[in-house]
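Residue-level structural notes
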Amino acid sequence: MSGSLFEQDRKTAVRNAAEKRFRAYGLTAIILALLALVWLLISILGNGLPAFRQTMMTFPVTLDAAVLDKSGNRTPEELAKVTTIAYGKVLATSLTAELAARGIDIGALQPKDIGSLISEESSAQLRNKVLADPALIGTVIPFTVLATGRIDGYFKGRVTMASAALDKNTSPEKLVLADKMKDAGILAMRFNTGFFFLPDASDKRPEAAGLGVAIIGSAYMMLIVLLLTLPIGVAASVYLQEFAPKNWFTDLIEVNIANLAAVPSIVYGILGLSFFINFAGLPRSAPIVGGLVLVLMTLPRIIIPTRAALQAVPPSIRDAALGVGASKLQTVFHHVLPLAMPGVLTGTIIGLAQALGETAPLLLIGMVAFVKDFPSAPPQGFFDPASALPVQIFNWTTRGDPGFVERASGAIIVLLVFLVIMNAGAIALRSRFERRW
Amino acid sequence: MQLGPLLLLLVILTVFAYIAGRARAISLAGGDSRKLHSLPAFYGRAAAIAAAVPALILIVVWLIVQGPMLESRAMALLDPADITAERSIEAVSADVHRMTGGLNAILRSGQTPSTDVATLTGQLKTHNVTLQGAPTASMIAAATALEVGQHRSRVWLSLLTALVALAGFALAWRQITPEYRARNATERFSMALLIGCSLIAVLTTLGIIASLLFETIHFFQLYPWQKFFFSTTWNPQFGGGSDLGILPLVWGTLYISTIALVVAVPIGLFSAIYLSEYAGSRMRAVVKPAIEILAGIPTIVYGLFALITVGPLLRDWIAQPMGFGNSSTSVATAGLVMGIMVIPFVSSLSDDIINAVPQSLRDGSLAIGATPSETVRQVVIPAALPGIVGAVLLAASRAIGETMIVVLGAGASAKLSLNPFEAMTTITVKIVSQLTGDTEFASPETLVAFALGLTLFCFTLALNVLAQIIVRRYREQYE
């Protein structure tokens, strides 16, 4: 052995290199984890953001009385007999007339092809508008219609001239015409309010599919979860944390809760199906069943943080309350629980956020069904069929039209925004009110 | 009386009982509340509880019992000749229920329902009730019986509820004396409520086990268990004669979970080590929550990510050029995405456990000249190993029970194959596919989902219990 301590011998150099490598592994692992997060978010945002804009056409629509009300009586029964197909024709004729008036060359397209640029959903919208106000018949109204999914896809880059040539639902000529209409200002991309308020639409009409029913369904379920889990969860935690004697029975409950929190969510779906639907006879696809399943799933996930919050309240508070003659229950409900409330609410919000994103159990209780009617107001609405945000996303991913992939990603953005708001609320609550003892 | 007004009445009675009970206690004490055992409010509460609770229990029990009872009585009136091959008993009873609703609406609008079939159908139509098939005389009789029964049941329920509430209140009224320990009485009730709430967890477990077990036993009566556990083909046919062997599903589940762990354990563990041993507090404050975001993202988001991004990417860049196949749903896709999902489970738990290793152990190791990485490898990790194993087991149980990622990312064909770029399927996927849609409950093809569910439940339960035992034993070591 020779040399000074300032000179690295071979062994030290090897050890230091190993040290560097080890650090690099750690750093790489962190970078990989963060990259995965970024990749995930970029993929979802990139696919989903176009869903918030929608191609629409605005032009004057001549509501021809000869087509829409042949008898001329304007009676609701007669008007209701006119189908959406007739309204589709009205839209097509009006658009053709508008194109002619603007001097836009429709090329090789036939006038009947013009109608196929317009979403079939728009004829239904026009029909509803006319039925609500029969006085409109015979007048000319400005009306905004949705372009079909293919035209919308063209402006979002999903459909190209090459793919349109192979597609029997559209053709390159139609896309050329759409370009001309855009230049003329008839056709434009606008903010897609329908995405938030419209119900789901059929497989062929991705342009009209919205999240309205799903948002209401999710809101109903969250209401049920909040109303049931908060009191039950708090009561159970208070008992287990403050009163339960230490015996085999309370041990059993505790082990139970710990394991329930780790039971796969799909198992809760099986429970919901066989207990709430087959045994108790509650309706399928209803928010009440979804809500109850989510309640059972969320309870253990709320009890655990609630107990931690109760435990964090120092014993001196309890001693002081007991010392001035409060009963044990008064001590807990007048003093300990209010002090633990920020922690309890934080845990509840995080539990709710988890419940909001849960999909698998809802699939089993039939919430994946196609629901087009809005549920009525609660409490009756809890029993009406509805969808839910995550299930709607799943539903859209299983459909053929690529327009639905964009919708599903857009819906995920909506879902994530809700989750971010809830979690931010929880964090704000914690930092604002939490006390360190 | 409808349920809403009835509950409102009960609320009013309860409030009245509270006020009256409180007033009686004060008046018995001659206006001096110091002579009472408890605060006056407790006497009010005791009276309110006595009025409301028995009545509420009555309402709940009544509502549970009444439906099936009326139903069976009304359905007994149906003429068996009305139920034909085209018109099942379900369809007929659905029509009867619609008719009952219609009769109710007709009565409420002040008309009398006609006994003639044609006129009645017209009347129903004006109230927006359309039947699937033509009503028959026996169906009208059943619907009328149901309507009358429901009406009668409502009247009786209202009367009995009012009676029970008043009786409860009267009893409480008699009990109230200045010596009556009202606080203790109400607190006994509150305590019972608290215990009841904490029992819900136990009931949930019992419910899960019961629902899985009953249908599984039912399944094994229709299908031999040897074939279920040892057959290597999964080929359900809704005409009967299906092969329902669990082995391909178990293989797919384990294969995907293994890939997920291969991705998640090194990344999670090394991030946890770096964060707890090397990173400064500022880096920790940013990176730790960022990684935990991964745990807060709903699984459907990962599922879609697998379906539209990772799947096509793996297919176009790895599977097709290397000749492994051209399926965008594959074991590798699902495993990789699931691995990303479980990273935070491994990293947070390991981080907690590594932090729990006493600093003195590190100091000792560093003092005798070990580098930080040698300290981690030779001192910290061996000390934390049981806890880390527990964390990995928990992550494994997560991966095995995960549903949406595999539904969207792994495919639906049950295969026993080693190729990771082939579509395979898991237990959870098959539970979803056998139970969604129109389910005929008596067939083994549907009931198998419960046997799969029970297998999954036992699997994850065993992993969790094992992990908890390991983690707990480890924690005790350093406390």
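If you're wondering where the values come from, they're calculated on a predicted model, not measured in any experiment.

**A look at the overall build of chain B**
Across its full length, chain B holds 16 helices and 2 strands. Relative to the 2.2 N^0.38 estimate, which gives 23 Å for 479 residues, the radius of gyration of chain B is 32 Å and therefore markedly larger than a compact globule would have. Expressed as a percentage of the 479 residues in chain B, the buried residues total 42%. Residue pairs at least 24 apart in sequence account for 75% of intrachain contacts in chain B once pairs closer than 6 positions are excluded.

**Details of the overall build of chain A**
Within chain A, the regular secondary structure consists of 19 helices and 3 strands. In terms of overall dimensions, chain A is more spread out than a globule: its C-alpha atoms have a radius of gyration of 30 Å, far above the 22 Å expected for 437 residues. Along the longest, intermediate and shortest principal axes, the C-alpha atoms of chain A span 90 × 80 × 40 Å. Classification of the 437 residues of chain A by burial places 45% in the buried group. Here the analysis covers contacts within chain A between residues at least 6 apart in sequence; of these, 78% occur between residues at least 24 apart.

**A word on the confidence of the model for chain B**
Residues and elements named next belong to chain B. Summarising the model, chain B shows a mean pLDDT of 87, and 97% of its residues fall at 70 or more. The weakest mean pLDDT in chain B belongs to helix α4 (residues 117-126) at 75; the strongest belongs to helix α8 (residues 247-278) at 94. With pTM at 0.87, the complex prediction returns an ipTM value of 0.90.

**Description of the sheet that holds strand β1 (residues 53-62) of chain A**
Residues and elements named next belong to chain A. Taking strand neighbours across the sheet as the criterion, the 3 strands line up as β2-β1-β3 in an open arrangement whose pairing is antiparallel. Each of the sheet's edge strands pairs with one partner strand only, and the pair in question is β2 (140-146) and β3 (187-191). Taking each pair of neighbouring strands and ignoring which way they run, the sheet shows an average axis angle of 40 degrees. Sheet topology note: the β1/β3 ladder contains 5 bridges and is antiparallel. Residue pairing for β3: Q54 is matched across the bridge by R190. Lying on the sheet, helix α4 (residues 84-102) is in contact with β1 and β2; it crosses β1 at an angle near 85 degrees.

**Section: helix α10 (residues 299-319) of chain B**
Residues and elements named next belong to chain B. An ideal rise of 1.5 Å per residue puts 30 Å on 21 residues; α10 reaches only 25 Å between its terminal C-alpha atoms. A maximum bend of about 45 degrees is found in α10 at A306. Of all the 21 residues making up α10, 16 are buried; the element is thus mostly covered by neighbouring parts of the structure.

**Here's the deal with the interface of chain A and chain B**
With 66 residues of chain A at the contact, the number on the chain B side is 63 residues. Top contributing element to the side of chain A that touches chain B by residue count: helix α1 (residues 10-48) of chain A, with 19 residues. Its residues assigned to classes, the side of chain A that touches chain B comprises 50 nonpolar, 13 polar and 3 charged.

**Some points on the domain arrangement of chain B**
Residue and element names in this part refer to chain B. You can read the domains of chain B as domain 1 (3-180), domain 2 (181-222) and domain 3 (234-478). The straight-line distance from the C-alpha centre of domain 2 to that of domain 3 is 31 Å. With 8 residues of domain 2 at the contact, the number on the domain 3 side is 8 residues. Partitioning the side of domain 2 that touches domain 3 into residue classes produces 5 nonpolar, 2 polar and 1 charged.

**Focus on the packing of helix α14 (residues 287-312) of chain A against helix α16 (residues 328-356) of chain A**
Residues and elements named next belong to chain A. Contact geometry for α14 and α16: axes closest at 8 Å, N-to-C directions at 150 degrees. Judged by the inter-axis angle, α14 sits roughly antiparallel to α16. As α14 packs across α16, the resulting crossing turns out to be right-handed. Contact residues: α14 offers L294, M297, T298, R301, I302, P305, T306, A308, A309, L310 and A312, while α16 offers V336, A340, G343, V344, G347, T348, G351, Q354 and A355. Residue composition of the contact of α14 with α16, grouped by class: 12 nonpolar, 7 polar and 1 charged.

**Remarks on the domain arrangement of chain A**
Residue and element names in this part refer to chain A. When its domains are assigned, chain A resolves into domain 1 (10-49), domain 2 (52-207) and domain 3 (212-433). Using only C-alpha atoms to locate each centre, domain 1 and domain 3 end up separated by 35 Å. Taken residue by residue, the interface counts 4 residues in domain 1 and 6 residues in domain 3. Here the side of domain 1 that touches domain 3 is composed, by residue class, of 2 nonpolar, 2 polar and no charged.

**Quick look at the nonpolar core**
Core analysis: the largest hydrophobic core is formed by 185 residues, its most contacted members being A264, L304, V337, V342, V346, A395 and I405 of chain B. With residues up to four places along the chain from it excluded, the contact list for V342 of chain B reads A260, A264, A395, R398 and A399 of chain B. Within the second largest apolar cluster, 32 residues are counted, among which are M57, I118, A164 and A209 of chain A.

What counts and what doesn't
Residues numbered from 1 in each chain as written. Chains lettered and ligands numbered in written order. Predicted model: local features only at pLDDT ≥ 70, side-chain atom pairs only at ≥ 80, totals over all residues. Helix = DSSP H or I, 4+ residues; strand = E, 2+ residues; numbered from the N terminus. Rg over C-alpha atoms; globule rule 2.2 N^0.38 Å. Buried ≥ 20, exposed ≤ 12 C-beta atoms within 10 Å, placed from the backbone. Contact = placed C-beta atoms within 7 Å. pLDDT = per-residue confidence, 0-100. Pairing = 2+ DSSP bridges. Axes fitted to C-alpha atoms, helices over the stretch in contact; angles between N-to-C directions. Expected span 1.5 Å × (residues − 1). Bend = angle between axes of the 7 residues up to and from the residue. Nonpolar A, V, L, I, M, F, W, Y, C, P; charged D, E, K, R; others polar. Domains from an automatic or database assignment. Parallel < 35°, antiparallel > 145°, perpendicular 65-115°, else oblique. Left-handed = near helix turned anticlockwise from the far one by under 90°. Core = buried A, V, L, I, M, F, W, Y, C linked by C-beta atoms within 7 Å.

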